[in-house]
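Here is what each chain is made of, one letter per residue.
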Amino acid sequence: MPAPIRAWGFNTPVYDGCTYLLQQCPALCAVSPNAITVGGLCLGLGVAYGLARGSPWGLLVLGAVLRELLDIADGVVARQCQKTSRFGALLDIVCDLLYLVAVTVAVVYRAWPLRTVVAWGMLASCLVACGFLTVELTSEVQHRPKPQGDGWVARNSIIAVPAFVAVLRHVM
């Protein structure tokens, strides 16, 4: 995940904290950023499974927060420890896409029998988000520059995504 570029968001202190931690404890550079990314995906898939099964919302929110922390930490570790790679950048985007699709499928699975606005809204939002991630993935594969700046959710994913998961769990 790229470091925040322009506007401040709730993720900014997390980036700063991860950077400070790596500066204080360089031994953390022994951890592979790709392993952090895959760990975040596994945690995200657990959140999706919990949504589908109707797990307690507190555990789901905690899992979503930890997944977002890992998503931020993988990029910070890669940049601070000079371990950036094209494969890692692609892996990060693909794992984000898989997490998004898994959570959407879980919500639609739970809400579809009710044929609620939640199910239709989730399908629509998943298509839009998958479109944005596909554009980012295509830009990475074709070596094109990414658009500058992040949206509000990207700068605040540490609170936005877990809040979204909590609301979905409450609605279902």
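Definitions and cut-offs
Residues numbered from 1 in each chain as written. Predicted model: local features only at pLDDT ≥ 70, side-chain atom pairs only at ≥ 80, totals over all residues. Heavy atoms only, no water. Helix = DSSP H or I, 4+ residues; strand = E, 2+ residues; numbered from the N terminus. Buried < 20%, exposed > 50% of the residue type's maximum accessible area, 1.4 Å probe, protein only. Contact = heavy atoms within 4.5 Å. 1 Å grid on protein atoms, 1.4 Å probe; cavity = no way out; pocket = protein on both sides within 12 Å on 5 of 7 lines; lining within 4 Å. Points joined across faces, edges and corners; volume = space filled by probe spheres on them. Salt bridge = Lys/Arg side-chain N within 4 Å of Asp/Glu carboxyl O. Core = buried A, V, L, I, M, F, W, Y, C linked by side-chain atoms within 4.5 Å. pLDDT = per-residue confidence, 0-100. Patch = residues over 30% accessible without salt bridge, like charges linked within 9 Å, V, L, I, M, F, W, Y side chains within 5 Å. Areas by Shrake-Rupley, 256 points an atom, 1.4 Å probe, with all protein chains shown as cover. Axes fitted to C-alpha atoms, helices over the stretch in contact; angles between N-to-C directions. Parallel < 35°, antiparallel > 145°, perpendicular 65-115°, else oblique. Left-handed = near helix turned anticlockwise from the far one by under 90°. Nonpolar A, V, L, I, M, F, W, Y, C, P; charged D, E, K, R; others polar.

**Student:** Any chance you could explain the overall build of the protein chain here in plain terms?
**Tutor:** The secondary structure content of the protein chain amounts to seven helices and zero strands. For the protein chain, with 172 residues in total, the buried portion stands at 39%. Contacts spanning at least 24 positions in sequence make up 80% of the contacts within the protein chain whose residues lie at least 6 apart.

**Student:** Honestly, empty space enclosed by the protein in this entry has me stumped. Any pointers?
**Tutor:** Unoccupied space between atoms shows up once a probe the size of one water molecule is rolled over them. Following the criterion strictly, the structure yields one cavity of 30 Å³ or more and no others. Space inside the largest cavity adds up to approximately 50 Å³. In terms of lining residues, the largest cavity is bounded by T37, G40, L41, R67, L70, D71, D74, D92, C95 and D96. For the lining of the largest cavity, the secondary structure elements donating two or more residues are α2 (33–53), α3 (57–80) and α4 (86–111). In terms of residue count, the dominant contributor to the lining of the largest cavity is α3 (four residues).

**Student:** Is there a simple way to explain the pattern of salt bridges in this structure?
**Tutor:** A side chain of one charge can pair with a side chain of the opposite charge if their charged atoms are brought near each other. Under the definition given, this model contains three salt bridges. Its salt-bridge partner being R67, residue E68 comes within 3.2 Å of it at the nearest N-O pair. According to the relative accessible area criterion, R67 is buried, its value standing at 4%. Note that R67 is salt-bridged to D71, the shortest N-O span being 3.5 Å. Of this pair, R67 and D71 both sit in helix α3, four residues apart, which is roughly one turn of that helix. Residues joined by salt bridges that share partners form a network here, namely R67, E68, D71 and D96.

**Student:** Quick question: what am I supposed to make of unusual backbone geometry here?
**Tutor:** Backbone phi values are negative for most residues with the exception of glycine, while trans is the configuration of most peptide bonds. Phi is positive for Q82, close to 55°, though the residue is something other than glycine. Within the fold, Q82 resides in the loop between α3 and α4.

**Student:** Just checking my understanding: could you explain the nonpolar core for this structure?
**Tutor:** Where a protein is soluble and globular, its nonpolar side chains tend to be buried together. Judged by nonpolar contacts, V47, A48, L51, A52, L60, A64, Y99, A102, V103, A106 and V107 together constitute the single largest core of eleven residues. Going through the elements one at a time, α2, α3 and α4 are the ones with two or more residues in this core. Those residues in contact with A48, other than ones at most four positions away along the chain, are A102, V103 and A106. V14, L22, I72 and V76 belong to the second-largest nonpolar core, a separate cluster that totals ten residues.

**Student:** Is there a simple way to explain the confidence of the model for the protein chain in this structure?
**Tutor:** Should pLDDT be low for a region, the predicted coordinates there are not to be read in detail. With 69% of its residues at a pLDDT of at least 70, the protein chain reaches an overall mean of 77. Looking across the protein chain, the model is least confident in helix α6 (residues 152–155), with a mean pLDDT of 57, and most confident in α2, with 93.

**Student:** Just to check I follow, could you spell out a nonpolar patch on the surface for this structure?
**Tutor:** Together, L59, L62, L66 and L69 line one region of the surface with nonpolar side chains, adding up to about 350 Å² of accessible area. Mapping L62 onto the fold places it in helix α3. What makes L62 partly exposed here is its relative accessible area of 48%.

**Student:** Sorry, what's going on with the packing of helix α1 (residues 11–24) against α3 here?
**Tutor:** A pair of packed helices is captured by two measures, namely the crossing angle of their axes and the spacing between those axes. At a minimum axis separation of 9 Å, α1 and α3 run at an interaxial angle of 45°. Relative to α3, α1 is oriented oblique. When you trace α1 past α3, the crossing you get is right-handed. Of α3, the residues touching α1 (which contributes N11, V14, Y15, C18, T19, L22 and Q23) are L69, I72, A73, V76, V77, R79 and Q80. Here the contact of α1 with α3 is built from residues that sort into nine nonpolar, four polar and one charged.

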